[in-house]
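Take a look at the letters that make up each chain.
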There are 2 protein chains.
Amino acid sequence: MALDHAILVSLLEQPGSGYELSRRFERSIGYFWTATHQQIYRVLKRMESDGWIQVREVSQQARPDKKEYSVAAPGRAALSRWLHEPIEPESVRHDLAVKIRGAAFDDPAALIREVERHRQAHTDRLAHYLAGERRDFTGPGAPAAPDAGQQLQHVVLRGGIAYERMTLDWLDDVLATLRRLGPAR
Amino acid sequence: MALDHAILVSLLEQPGSGYELSRRFERSIGYFWTATHQQIYRVLKRMESDGWIQVREVSQQARPDKKEYSVAAPGRAALSRWLHEPIEPESVRHDLAVKIRGAAFDDPAALIREVERHRQAHTDRLAHYLAGERRDFTGPGAPAAPDAGQQLQHVVLRGGIAYERMTLDWLDDVLATLRRLGPAR
DNA sequence: TCCTTCTATGCAACTCGTTGCATAAACAAG
DNA sequence: CTTGTTTATGCAACGAGTTGCATAGAAGGA
C-alpha cells in the first residue's frame, strides 16, 4: 500500500497537518496519487500509533488549532525499506476507454461531448502543470542550481506534462474517429 | 463502478465464460482495466441475479464444462445509461512517481535498476500492442473496411501505444536524472 | 443575529479489490 | 499411477477506498 509512503514523502518534503496534506493531495502529490481527507486522517492515526510519525499540537490564531505531523526515524526506515523493494508496474483503470469501446453498442456520436469535457479537463491540468514548472523550475525566480529533491520533483512534473500532452493528442484522435463514425449506429 | 460495464462491453463483443473473461483481462481489456478471476466471478454472479446477463451451460470435450454468459436486454440498457452519464477524469495512482520523489530522502542511484525494470516491462508491452495492431488493424490480414466496433477498438489501442511510447521517453528522462545525481545523497 | 465559508478533525457503514485457499475435470509426461 | 499443467469455478477473510454524516472554531456578510 503506497498511501502510507506517499504521505511519508510529503511530510519529509514539508511537515504538516492532515488538513494540509489533504490540500496537497488536491495539487502536487495529487498529480500521481489521490486520497480523501478521511483516508489521510485514518492513515496518520495508524502511522502515529506505529511510531512512524510524531505529532505536535499547534495553536493558531484566526483559525482552529491543528496537529502538525513530522516523520520519525522508524517512518524514515519504513520508507527506505519500501524504496528498495521492487514494485509491479501500475495496473490501469481507464473508464473512458471502456466507454469508447462500449460506444460501438450504442451511439458513438453521443460520446463526443463527454470526450470534449475530458479534453478540457486535461487542457486545464496541462496549463496548471506548466504554470507550476515556470514558477518552481524554469522561470526567473527558480533556483539556478536545484538540489536533488528539486530535480526529482521536476522530473516527476515533466512526466505529468508529457502525460497530459499525449492524452490531448489521443483525445483529438478519439474525437476525429467518433466524428467520422457519424450519428448513426 | 466500471468493472460491471467493462464486463458488459467484453461480453457484447464476444460472449464467454468467467474463465475466458479473466484471460481477456490479461490481454485486450486488461490494457485499460484490470480484474482478478475472483472479482469477475463475483460480478458475473451479481449481474446474473440482477438479470443483466444470461447463462448457458456448455458441455465441452477435452476440458471441463463451462458457463457461457451473454448480455440480456436489461444489461444492455444499464450499459447505455452509464454511457450517457458523465464520469470524472480518472484518479491517478502512480507508485513509481512516489518512489522517485522519495528517492531524495534516500539513495537516488538505488532506484536505477528498478526504473530499468519498469522500462523493460513497458518496452515489452509496447511490442505486444504493436503486434496486436499489425495483426488486427494494419497488417495484410486486417479488414479493408473496418466497422465501427473495430475502429473504436483501434483508437483505444492507439491510445495504449501512445501511452507506452510517452512512458518510455519519460523513463529515459528519469534515468538520465538519476544518473546525473550520482550515487551520493 | 443568523447564515455561510473556510479551516480542522473525525466516526460509521459500505463497496471495491486483493490474497489465500479449495475443488475438480481432463490430459500429458514420467 | 502419480505428478504436474491447463481449464474451470468458487468461498472466506481482509485491506483499501468511498460516501455520508457530524462537530467545532473563527471570520465575514446580510
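These numbers were taken from a predicted model, which means no experiment stands behind them. Within each chain, residue numbers correspond to sequence positions counted from 1 in written order. In the order they appear in the text, chains get letters beginning with A and ligands get numbers beginning with 1. Side-chain atom pairs in this predicted model are given and counted only at pLDDT of 80 or more, local residue features only at pLDDT of at least 70, and totals for whole chains, interfaces and linings cover all residues. Derived side-chain values reflect all non-hydrogen atoms in the structure, with water molecules and hydrogen atoms excluded from consideration.

## Notes on the overall build of chain A
- Each helix corresponds to a stretch of at least 4 residues labelled H or I by DSSP, and each strand to a stretch of at least 2 residues labelled E; elements are numbered beginning at the N terminus. Tallying secondary structure elements over chain A gives seven helices and two strands in all.
- The size measure is the radius of gyration over C-alpha atoms, and the globule rule it meets is 2.2 Å times the number of residues to the 0.38 power. Whereas a compact globule of 185 residues would reach a radius of gyration of roughly 16 Å, chain A reaches 21 Å, over 25% beyond that.
- Overall size of chain A, expressed as C-alpha extent along the three principal axes, is 65 × 45 × 40 Å.
- A 1.4 Å probe rolled over the protein chains alone gives each residue an accessible area, and that area as a share of the maximum for its type sets the label: buried under 20%, exposed over 50%, partly exposed in between. Across the 185 residues in chain A, those meeting the buried criterion constitute 51%.
- We call two residues in contact whenever any of their non-hydrogen atoms come within 4.5 Å of each other. Taking all contacts inside chain A whose residues are at least 6 apart in sequence as the whole, residues at least 24 apart take part in 59%.
- Surface accessibility in these figures is a Shrake-Rupley result with a 1.4 Å probe; residues are shielded only by whichever protein chains are displayed. For chain A, the exposed surface amounts to about 9,500 Å²; the carbon and sulfur share of it is 50%.
- For chain A, the separation between the mean place of its 26 positive charges and that of its 25 negative charges on side chains is 2 Å. This count recognises Lys and Arg as positive and Asp and Glu as negative, with His and chain-terminal groups excluded. We put the charge of a Lys on NZ, of an Arg on CZ, of an Asp on CG and of a Glu on CD.

## Observations concerning the domain arrangement of chain A
Residues and elements named next belong to chain A.
- These domain limits were set by an automatic method or by a database of domain assignments. The domain architecture assigned to chain A consists of domain 1 (3-84) and domain 2 (95-181).
- Its C-alpha centre places domain 1 at a distance of 28 Å from the equivalent point of domain 2.
- Opposite the four residues of domain 1 that make contact, domain 2 presents six residues.
- Carbon and sulfur atoms supply 52% of the area that domain 1 and domain 2 bury against each other, a total of about 390 Å² over both sides.
- Buried area is understood as the total, over both parts, of accessible area removed when two parts are fitted together, assessed with a 1.4 Å probe. Summed over the three residues of domain 1 that lose the most area to domain 2, namely Glu13, Arg27 and Tyr31, the buried surface amounts to 86% of that side.
- For salt bridges, the criterion is a side-chain nitrogen of Lys or Arg within 4 Å of an Asp or Glu carboxyl oxygen. At the junction of domain 1 with domain 2, the criterion picks out zero salt bridges.
- Counted as a polar contact is a pair of N or O atoms within 3.5 Å, where, for protein atoms, one must be capable of donating a hydrogen and the other of accepting one, and residues adjacent in sequence contribute only when both atoms are in side chains. Counting the contacts that link domain 1 with domain 2 gives two residue pairs in polar contact (both at pLDDT 80 or more).
- Residues are grouped as follows: nonpolar covers Ala, Val, Leu, Ile, Met, Phe, Trp, Tyr, Cys and Pro; charged covers Asp, Glu, Lys and Arg; every other residue, Gly included, is treated as polar. In the side of domain 1 that touches domain 2, the residues fall into two nonpolar, no polar and two charged.

## A look at the protein's contact with DNA strand D
- As a structural note, the neighbourhood of DNA strand D is formed by 23 residues, with Met1(A), Arg42(A), Tyr19(B), Gln60(B) and Lys67(B) the closest of them.
- The nearness test applies per residue and asks whether one of its heavy atoms lies within 4 Å of the molecule or strand. Near the protein, meaning within 4 Å, the atoms of DNA strand D are sugar or phosphate in a fraction of 64%, with bases accounting for the rest.
- A distance of 2.8 Å separates a phosphate oxygen of DNA strand D from a polar backbone atom of Tyr19(B).
- Where the surface near DNA strand D is concerned, the elements lending two or more residues are α3 (37-49) of chain A together with α2 (18-24), α3 (37-49) and β2 (66-71) of chain B.
- When residues of the surface near DNA strand D are assigned to their parent elements, the largest contribution, five residues, is made by α3(B).
- Classifying every residue of the surface near DNA strand D by side-chain character gives six nonpolar, seven polar and 10 charged.

## Quick word on the protein's contact with DNA strand C
- Around DNA strand C there are 24 residues in total, and Tyr19(A), Gln60(A), Lys67(A), Met1(B) and Arg42(B) lie nearest to it.
- The share of sugar and phosphate among atoms of DNA strand C within 4 Å of the protein is 65%.
- Tyr41(A) places a polar side-chain atom, nitrogen or oxygen, 3.0 Å from a phosphate oxygen of DNA strand C.
- One of the side-chain N or O atoms of Gln38(B) is found 2.9 Å from a base oxygen in DNA strand C.
- Residue assignment for the surface near DNA strand C shows that the elements contributing at least two residues are α2 (18-24), α3 and β2 (66-71) of chain A together with α3 of chain B.
- With five residues, the single largest contributor to the surface near DNA strand C is α3(A).
- Along the lines of polarity and charge, the residues of the surface near DNA strand C split into six nonpolar, eight polar and 10 charged.

## Section: helix α7 (residues 148-181) of chain A
All names here are of chain A.
- An ideal rise of 1.5 Å per residue puts 50 Å on 34 residues; α7 measures up with 50 Å between its terminal C-alpha atoms.
- The N-cap residue of α7 is aspartate 147: its side-chain oxygen and the backbone nitrogen of glycine 149 are 3.1 Å apart.
- Phi turns positive, to about 75 degrees, at glycine 182, one or two residues after α7. To estimate the expected span of a helix, count its residues, drop one, and scale the result by 1.5 Å.

## Considerations on the interface of chain B and chain A
- On the side of chain A, 67 residues touch chain B, which itself brings 67 residues to the contact.
- Summed over both partners, the interface of chain B with chain A comes to about 6,600 Å²; 64% of that surface belongs to carbon and sulfur atoms.
- In terms of surface lost to chain A, no three residues of chain B exceed Glu90(B), Arg101(B) and Phe105(B), which account for 12% of the buried area on that side.
- Where chain B packs against chain A, one counts four salt bridges.
- Among the ionic pairs, Arg101(B) bridges to Glu13(A), the shortest N-O distance being 2.8 Å.
- At the junction of chain B with chain A, the criterion picks out 32 residue pairs in polar contact (both at pLDDT 80 or more).
- Here the side of chain B that touches chain A takes 19 residues from helix α7 (residues 148-181) of chain B, the largest share from any one element.
- Grouping the constituent residues of the side of chain B that touches chain A by class yields 35 nonpolar, 15 polar and 17 charged.

## Quick notes on the relation of the copies chain B and chain A
- Alignment of the copies relies on least squares applied to C-alpha atoms, considering only residues that score at least 70 for pLDDT in both. When chain B is fitted to chain A, the residual RMSD is 0.1 Å, and the transformation amounts to a turn of 180 degrees plus an axial shift of 0.0 Å. Both copies are brought into coincidence by an operation consistent with a two-fold rotation axis. It is Met166(B) whose C-alpha, among those of chain B, lies nearest the rotation axis, at 3.5 Å.
- Most of the interface of chain B is mirrored in chain A, where 100% of its interface residues are also at the interface.

## Let's talk about the environment of Thr167(A)
- The residue Thr167(A) is located in helix α7 in this model.
- The sequence separation of Thr167(A) and Leu79(A) amounts to 88 residues, and the corresponding C-alpha distance is 32 Å.

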